[in-house]
2 protein chains.
Amino acid sequence: MSVQTLLLDFSIDPARLGDEIGQKTVFGQLETVLKEYIPNLILATELKLEGGSLKLLTGKKGSTVSVRLFDRGLVTVNIEYYKEENEEPLINLKCSKLLESSVRMSLDCERVKLFPTIKRGYKYDVYLTSSDDRLLEYDIDAVIFDEQSPFQRVQIVHSKTLGNMLVLDELQNISEADLIYTETLMQRGKESYEGKEIVILGGGDGALLYELLKEKPKYVWMLEIDEVVMTACNKYLRSICGDVLETRKGPNYEVIVEDCMLTVNKFIADGKKVDYIFGDLTDIPISESACGELWEFMITILNSSFKILKPNGKFMTHGNGATSPESLELYEQELAKLKPPVKYTKSKAFVPSFLEDWYFYHISFATTDNGDA
Amino acid sequence: MSVQTLLLDFSIDPARLGDEIGQKTVFGQLETVLKEYIPNLILATELKLEGGSLKLLTGKKGSTVSVRLFDRGLVTVNIEYYKEENEEPLINLKCSKLLESSVRMSLDCERVKLFPTIKRGYKYDVYLTSSDDRLLEYDIDAVIFDEQSPFQRVQIVHSKTLGNMLVLDELQNISEADLIYTETLMQRGKESYEGKEIVILGGGDGALLYELLKEKPKYVWMLEIDEVVMTACNKYLRSICGDVLETRKGPNYEVIVEDCMLTVNKFIADGKKVDYIFGDLTDIPISESACGELWEFMITILNSSFKILKPNGKFMTHGNGATSPESLELYEQELAKLKPPVKYTKSKAFVPSFLEDWYFYHISFATTDNGDA
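The rules behind the values
- Residues numbered from 1 in each chain as written.
- Chains lettered and ligands numbered in written order.
- Predicted model: local features only at pLDDT ≥ 70, side-chain atom pairs only at ≥ 80, totals over all residues.
- Heavy atoms only, no water.
- UniProt positions renumbered as here; feature names shortened; annotations may be inferred.
- Helix = DSSP H or I, 4+ residues; strand = E, 2+ residues; numbered from the N terminus.
- Buried < 20%, exposed > 50% of the residue type's maximum accessible area, 1.4 Å probe, protein only.
- Contact = heavy atoms within 4.5 Å.
- Salt bridge = Lys/Arg side-chain N within 4 Å of Asp/Glu carboxyl O.
- Polar contact = N/O pair within 3.5 Å; in protein donor to acceptor, adjacent residues only side chain to side chain.
- Least-squares fit on C-alpha atoms with pLDDT ≥ 70 in both.
- Domains from an automatic or database assignment.

- Looking at an unreviewed UniProt entry, one finds chain A named Spermine synthase isoform X1 and attributed to Spodoptera frugiperda.
- As its UniProt record puts it under Sequence similarities (unreviewed entry), chain A is described as follows: "Belongs to the spermidine/spermine synthase family."

A word on the side chain of Asp357 of chain A
Link 1 in the chain: Along the chain, the position of Asp357 of chain A falls in strand β21 (residues 356–365).
Link 2 in the chain: Residue Asp357 of chain A is classed as buried on the basis of its relative accessible area of 10%.
Link 3 in the chain: In this structure, Asp357 of chain A is in contact with Asn320, Gly321, Ala322, Lys348, Ala349 and Phe350 of chain A together with Thr161 of chain B, ignoring residues within four places of it in sequence.

Notes on the pattern of salt bridges
Residues and elements named next belong to chain A.
Link 1 in the chain: Scanning the entire structure with this criterion turns up 58 salt bridges over all chains.
Link 2 in the chain: Close ionic contact of Lys61 with Glu87 constitutes a salt bridge, the shortest N to O distance being 2.3 Å. Of this pair, Lys61 sits in the loop between β3 (52–59) and β4 (63–70) while Glu87 sits in the loop between β5 (74–83) and α2 (93–107), placing them 26 residues apart in sequence.
Link 3 in the chain: Linked by salt bridges that have partners in common, Glu183, Arg188, Glu211, Lys214 and Glu215 make up one network.

Observations regarding the side chain of Ser11 of chain A
Residues and elements named next belong to chain A.
Link 1 in the chain: In this fold, Ser11 is placed in strand β1 (residues 2–11).
Link 2 in the chain: Reaching out from Ser11, the side chain makes a polar contact with the side chain of Arg111 at a distance of 2.9 Å.
Link 3 in the chain: Setting aside chain neighbours within four positions, we find Ser11 in contact with Gly73, Leu74, Cys109, Glu110 and Arg111.

As for the relation of the copies chain B and chain A
Link 1 in the chain: You can overlay chain B on chain A at an RMSD of 0.0 Å; the transform is a turn of 180° with a shift of 0.0 Å along its axis. Read as a symmetry element, the transformation amounts to a two-fold axis. Across chain B, the rotation axis passes nearest the C-alpha of Leu136 of chain B, at a separation of 2.4 Å.
Link 2 in the chain: Interface overlap between copies: 100% of the residues of chain B at the interface are likewise at the interface in chain A, consistent with a symmetric, same-surface contact.

A closer look at the environment of Ser364 of chain A
Residues and elements named next belong to chain A.
Link 1 in the chain: Tracing the backbone through its elements, the reader meets Ser364 in strand β21.
Link 2 in the chain: For Ser364, a relative accessible area of 12% gives the class buried.
Link 3 in the chain: Between the alpha carbons of Ser364 and Val65 there is a distance of 59 Å; along the sequence they are 299 residues apart.

Section: the domain arrangement of chain A
Link 1 in the chain: The domains assigned to chain A are domain 1 (2–119), domain 2 (125–175) and domain 3 (179–371).
Link 2 in the chain: Between the C-alpha centres of domain 1 of chain A and domain 3 of chain A there is a distance of 50 Å.

Overview of the UniProt feature "active site" (unreviewed entry) in chain A
All names here are of chain A.
Link 1 in the chain: Here the UniProt feature "active site" (unreviewed entry) sits at Asp280.
Link 2 in the chain: Note on placement: Asp280 falls in strand β18 (residues 274–280).
Link 3 in the chain: Accessibility expressed as a relative area gives 12% for Asp280, which makes it buried.
Link 4 in the chain: Look past the residues within four positions of Asp280 in its chain and what remains in contact with it is Tyr181, Leu185, Ile200, Leu201, Gly202, Gly203, Leu208 and His318.

The following block contains the structure:
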């Protein structure tokens, strides 16, 4: 079952909607068109509103059509009806396009916009958003895994274009089409990991660990808190994580399942230092100021990480979408406050499953002297 | 000016909506939440409908809220209001997210979905669709060029992520971020164009001609019908087409502005044959069968093209989105009918401005003997 919402709107000369007679005429023309597409359509009620009017019609099978006429020359039409899973839509794609051209011709409008039918309450949600809160409809055709862990909602969905995709709390995380994400995060070809000691904070999908191990590091500690994420990825994202989430431990790596700060603090206490730290936890929060729990967490992580980094070491992390420059700038302001001081470079890559450009940060001590202080 | 449409829906235990009292209770809880976000909200009307009921509320500044309760355990809420360009939205992003969590908590729902606010009738349209008719919101922030040519509506819009983008009849065509498109179409690095004679059918954005000229061909004829497209691209897509649409003619190329079939037929009459032909016209139509004007046009183009192709020549073209396999198959069926017979290979690339994988075809004579027949 799902509810189908068809949104259509058009612009006409405001003079045509200027008075009640004008609105009646426009509505009459529209009603005639709508009746060709929706059986048993009748006017149920009408309201006069500030700046226009609203007519509500009902049709076959409890379908409703709300028509809003705005004095300023805009008309919105919202058609809504209930559809059983195997039932044919009341208005299919072909019909909706015919409806659009009928409206264009009958009403002689300058502009008509028909949205692809919005599906609501279906067994899987195909709508995700970009970092700047744009609406993106994915070609998701199955939910393969869906479990609430103690930390987040963990889903593996299947997209026709992207393959399997990890979605955490309704945010697209990584898909089988996203090698570029991991390669940009680790700066493959630009950084050398051979013989190096590396800490991954988070990284539960296993992709980063899997790719790093190909570069022959001395040792990798992966510190992930969420067992459910790893179970799901091990089963359904094998093409990006290989068997590292299955084995959990090898001659030069281990996955430690707990709050990453425990191991980091242990390293601090032991005076242990590593060559690379990957911040593969949450993204930079999108917010107006660097306040709140998430920012505090991120700043704590940064401060502690630099305490276990060798003077020439690097902290590598993903930032956020290129369309959210405000949040990136807040992050950079926080970096500027770190003591000892740090310097950084940025890289950008278009990440297929995000459908947008993403920024990555590579941070190191501003001077190696300070770094070891 | 624009109309803002906020869509929110949630699922609850159908037992809670099973009778009129239940529906009243759920609606009452929802109304209490909504009143916190929309000033002056009052119930204007209610209707009993097949499978549920509908309540219509009105609020400040002619805003309307339609609440549809479906017996099957789904509730949809559509909030709509008019907004002047410089006016603050009645419900901004932060408020809409608070509204979402208020609904989740107050109504104790299993699932709540809030869509990013849909903007309708704004001075530019940020919503485009994928080849399989999915809704995609682009970060378009300006319309730079908008003109109806004798053939199509020609727009250049600006996207924060993609730079300038050519949109023809509401279809995204090429952007400044799409070198991969042209390089996959021409199979750069796999095909050698040096010293070759090439015909481009269409290609009005100039990107293909510009890239081909870098490969030192003997001669390129570009046959484009739409002067308006070339004027727009020459001015606003310089980074992808260089100055080829400005000069229009050089020692080894010329742009002929007319129906491409005129030159193709002239070549046929003269017995002139070339090494490569690029079909850079319309995409493979998305349809249930290979019928209609567009398909006929495409088949005519194919048949004529092979008449001016050398035995070892190739016809290179873009197909369609990977999520529309039915249309790709129809195209392949048409290829199988061509006489003399042809063979083909396919390539796929993720095209940034399309936000999806796209297929490209490289077609040649099945045997060189037949090819010259």
